[in-house]
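Each chain, letter by letter, is given below.
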Amino acid sequence: MTQELILRRPDDWHLHLRDGAMLQGVLPETARHFARAIIMPNLVPPVVTLAQAEAYRGRILAALPKGAAFEPLMTLYLTEGSDPADVAAAAASGLVKAVKLYPAGATTNSHSGVRNLDNVMPVLEKMAEIGLPLCTHGEVTTAEVDIFDREAVFIDTVLDPLRRRLPDLRIVMEHITTEEGVAYARAGGANLGATITTHHLIINRNHILVGGIKPHYYCLPVAKREKHRLALRAAATSGEGSFFLGTDSAPHVDALKEHACGCAGCFTATNTMALLAHVFEEDGALDKLEAFASLNGPAFYGLPVNETRMRLVKHELPQTFPEKILTEAGPVTVFDPGFPVHWHVEP
Ligand code: NCD
Ligand code: ZN
């Protein structure tokens, strides 16, 4: 028996589109299903200024397939040289919806990120004043801190002190991966939100490491133990307004994933919505998928919800997804959940 689910068209509140040939290759995968996405600014060089964000937005719009209705919501990459006046102008332009904090060294292309928060306080104060959200990559980078503890230590030593110092600053904890992240976001009130990826609802660290190393499951923050995955599942499927979808779909060509020093990132743009329907159904929460994917994000960002709808159908037979997206930059492997998926997005 087929089953059907109709949702408001979803948005992706954390997405990597890259640039050039990769952008051209991966953008259709997102634009097919999502109305809007918060576009991460970690290009080389990073998108720091309003002028750079406007130019990047133009390249995204130019790469859209004909007839696609997709709105890129731009972000600025916070550096210790970022100018509060430029950030304020970016917010006033309406094109830039957030600023992204990468602790220097935390992840892909984060070397221009922030070493000392004191050096960006004037920008953060301006953002608190005008209500422009800060998206945080919430991991400390100190060598002594174990990679599996970096999110929890960030919350205690960076995020919580920052929120006490600037209670009016609106913050999104991006791609949370731990029960500590869930608990902190849940208790944070109206100025705090958290995105959760599709892949962190599906894999734990065993999937990366047991039975041979699986480079396509390696991303940052790295997947944690099973109890954390279960906490993320409970949060995402709760429908609570603090939690919304940010796929963190992060394409890298296979040659750089299947490498002695493989890049971090899972590419889920192609099958995210079908996977989420599977996950939410498994947890008896199909009725909460719309809140997670289509309602809670716009509410946090103060944007209208989408008026068009998406139709998902559960088929008798498992559905097939492309194993790879072939871009002019090289093939990009699509995230494999490791189980059959019967849901499919239908026109
Ligand atoms: C992202 C990337 O490749 O840009 N990688 C990842 O593993 N998530 C960066 C990021 O969001 O950390
Ligand atoms: Zn990311």
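Our structure is the block above this text.
All values derive from a computational prediction rather than experimental measurement.

So, how was this worked out
- Residues numbered from 1 in each chain as written.
- Chains lettered and ligands numbered in written order.
- Predicted model: local features only at pLDDT ≥ 70, side-chain atom pairs only at ≥ 80, totals over all residues.
- Heavy atoms only, no water.
- Phe/Tyr/Trp six-rings, centres within 6.5 Å; stacked < 30°, edge-to-face > 60°.
- Helix = DSSP H or I, 4+ residues; strand = E, 2+ residues; numbered from the N terminus.
- Buried < 20%, exposed > 50% of the residue type's maximum accessible area, 1.4 Å probe, protein only.
- Donors = N, O, S within 2.8 Å, 3.2 Å for Na, K, Ca; no water.
- Tetrahedral: all angles 85-135°; square planar, octahedral: opposite > 155°, others 65-115°.
- Salt bridge = Lys/Arg side-chain N within 4 Å of Asp/Glu carboxyl O.
- Pairing = 2+ DSSP bridges.
- Axes fitted to C-alpha atoms, helices over the stretch in contact; angles between N-to-C directions.
- 1 Å grid on protein atoms, 1.4 Å probe; cavity = no way out; pocket = protein on both sides within 12 Å on 5 of 7 lines; lining within 4 Å.
- Points joined across faces, edges and corners; volume = space filled by probe spheres on them.
- Nonpolar A, V, L, I, M, F, W, Y, C, P; charged D, E, K, R; others polar.
- Near = heavy atom within 4 Å.
- Polar contact = N/O pair within 3.5 Å; in protein donor to acceptor, adjacent residues only side chain to side chain.
- Sits in = over half its atoms within 2 Å of the grid points.

1. With respect to the packing of aromatic side chains
Okay, so step 1: Applying the stated criterion across every chain yields a total of 8 aromatic pairs.
Okay, so step 2: Measuring from ring centre to ring centre gives 4.8 Å for tryptophan 13 and tyrosine 301, while their planes differ by 10°; the resulting arrangement is stacked. Separated by 288 residues along the polypeptide, tryptophan 13 in strand β2 (residues 12-15) and tyrosine 301 in helix α11 (residues 289-301) bring together distant segments of the chain. With respect to burial, tryptophan 13 and tyrosine 301 carry one shared label: buried.
Okay, so step 3: When the centroid spacing of 5.1 Å and the interplanar angle of 40° are considered together, the rings of tyrosine 77 and tyrosine 102 count as tilted. Here the residue tyrosine 77 occupies a position in strand β4 (residues 71-77), and tyrosine 102 occupies one in the loop between β5 (96-101) and α4 (121-130), the gap between them amounting to 25 residues.
Okay, so step 4: Residue classification places tyrosine 77 among the buried residues on the basis of a relative accessible area of 1%.
Okay, so step 5: For tyrosine 102, a relative accessible area of 1% gives the class buried.
Okay, so step 6: Among the aromatic residues, ring-to-ring pairing joins Trp13, Phe244, Phe300 and Tyr301 into one connected group.

2. Description of the coordination of the zinc ion (ligand 2)
Okay, so step 1: In this structure, His14 (NE2), His16 (NE2) and Asp248 (OD) serve as the protein donors to the zinc ion (ligand 2), at separations of 2.0 Å.
Okay, so step 2: Coordination geometry of the zinc ion (ligand 2): the 4 donor atoms subtend angles of 92 to 136° at the metal centre, consistent with an arrangement described as irregular.
Okay, so step 3: Counting residues between consecutive donors of the zinc ion (ligand 2) along the chain gives the motif H-x1-H-x231-D. With a gap of 232 residues between them, histidine 16 in the loop between β2 and α1 (20-31) and aspartate 248 in the loop between β9 (243-245) and α9 (254-257) connect regions that are remote in the sequence. Here the two residues histidine 16 and aspartate 248 agree in accessibility, since each one is buried.

3. Digging into the pattern of salt bridges
A side chain of one charge can pair with a side chain of the opposite charge when the charged atoms of the two come close.
Okay, so step 1: For the structure on display, the rule yields 16 salt bridges.
Okay, so step 2: Residues glutamate 29 and arginine 32 are paired through a salt bridge, measuring 3.2 Å at the closest nitrogen-oxygen approach.
Okay, so step 3: For glutamate 29, a relative accessible area of 7% corresponds to the buried category.
Okay, so step 4: Close ionic contact of glutamate 179 with lysine 227 constitutes a salt bridge, the shortest N to O distance being 3.3 Å. Of the two residues, glutamate 179 sits in helix α6 (residues 179-186) while lysine 227 sits in helix α8 (residues 226-236), which places them 48 residues apart along the sequence.

4. Comments concerning unusual backbone geometry
Okay, so step 1: Looking along the chain, the bond that leaves valine 44 and enters proline 45 is cis, with omega of -5°.
Okay, so step 2: Of note, proline 45 is situated in the loop between β3 (36-39) and α2 (50-63).
Okay, so step 3: Residue proline 221 is reached from leucine 220 by a cis peptide bond, and omega for that bond is -10°.
Okay, so step 4: Inspection of the secondary structure assignment puts proline 221 in the loop between α7 (205-209) and α8.
Okay, so step 5: Unlike most non-glycine residues, arginine 18 shows phi in positive territory, near 60°.
Okay, so step 6: In this structure, arginine 18 sits in the loop between β2 and α1.

5. Observations concerning the sheet that holds strand β1 (residues 3-8)
Okay, so step 1: With antiparallel pairing, 3 strands are arranged side by side in an open sheet as β1-β10-β13. Two strands in the sheet have a free side with no partner beyond their single neighbour: β1 and β13 (343-346). Geometrically, the sheet is characterised by an average inter-axis angle of 30° between neighbouring strands, direction not taken into account.
Okay, so step 2: Strand direction decides the pairing type here: β1 and strand β10 (residues 309-314), joined by 6 bridges, are antiparallel. Counterpart to glutamate 4 in the pairing with β10 is valine 313.

6. A short note on empty space enclosed by the protein
Okay, so step 1: The final tally for this structure, using the stated rule, is 4 cavities of 30 Å³ or more.
Okay, so step 2: Its boundaries defined by the atoms lining it, the largest cavity holds a volume of some 120 Å³.
Okay, so step 3: Lining the largest cavity are 17 residues, and of these His16, Thr107, Leu220, Asp248 and Ala250 lie nearest its centre.
Okay, so step 4: Residue classes in the lining of the largest cavity are distributed as 5 nonpolar, 9 polar and 3 charged.

7. Re the site of ligand 1
Okay, so step 1: Neighbouring ligand 1 are 15 residues; Asn42, Thr107, Leu220, Asp248 and His252 lie closest to it.
Okay, so step 2: Asparagine 42 is positioned with one of its side-chain polar atoms (N or O) 2.8 Å from an oxygen atom of ligand 1.
Okay, so step 3: Between ligand 1 and alanine 264, the relevant distance is 3.1 Å, taken from an oxygen atom to a main-chain nitrogen or oxygen of the residue.
Okay, so step 4: When atom positions are compared with the pocket grids, ligand 1 is found to occupy the largest cavity.
Okay, so step 5: Across the shell around ligand 1, the residue classes tally to 4 nonpolar, 9 polar and 2 charged.

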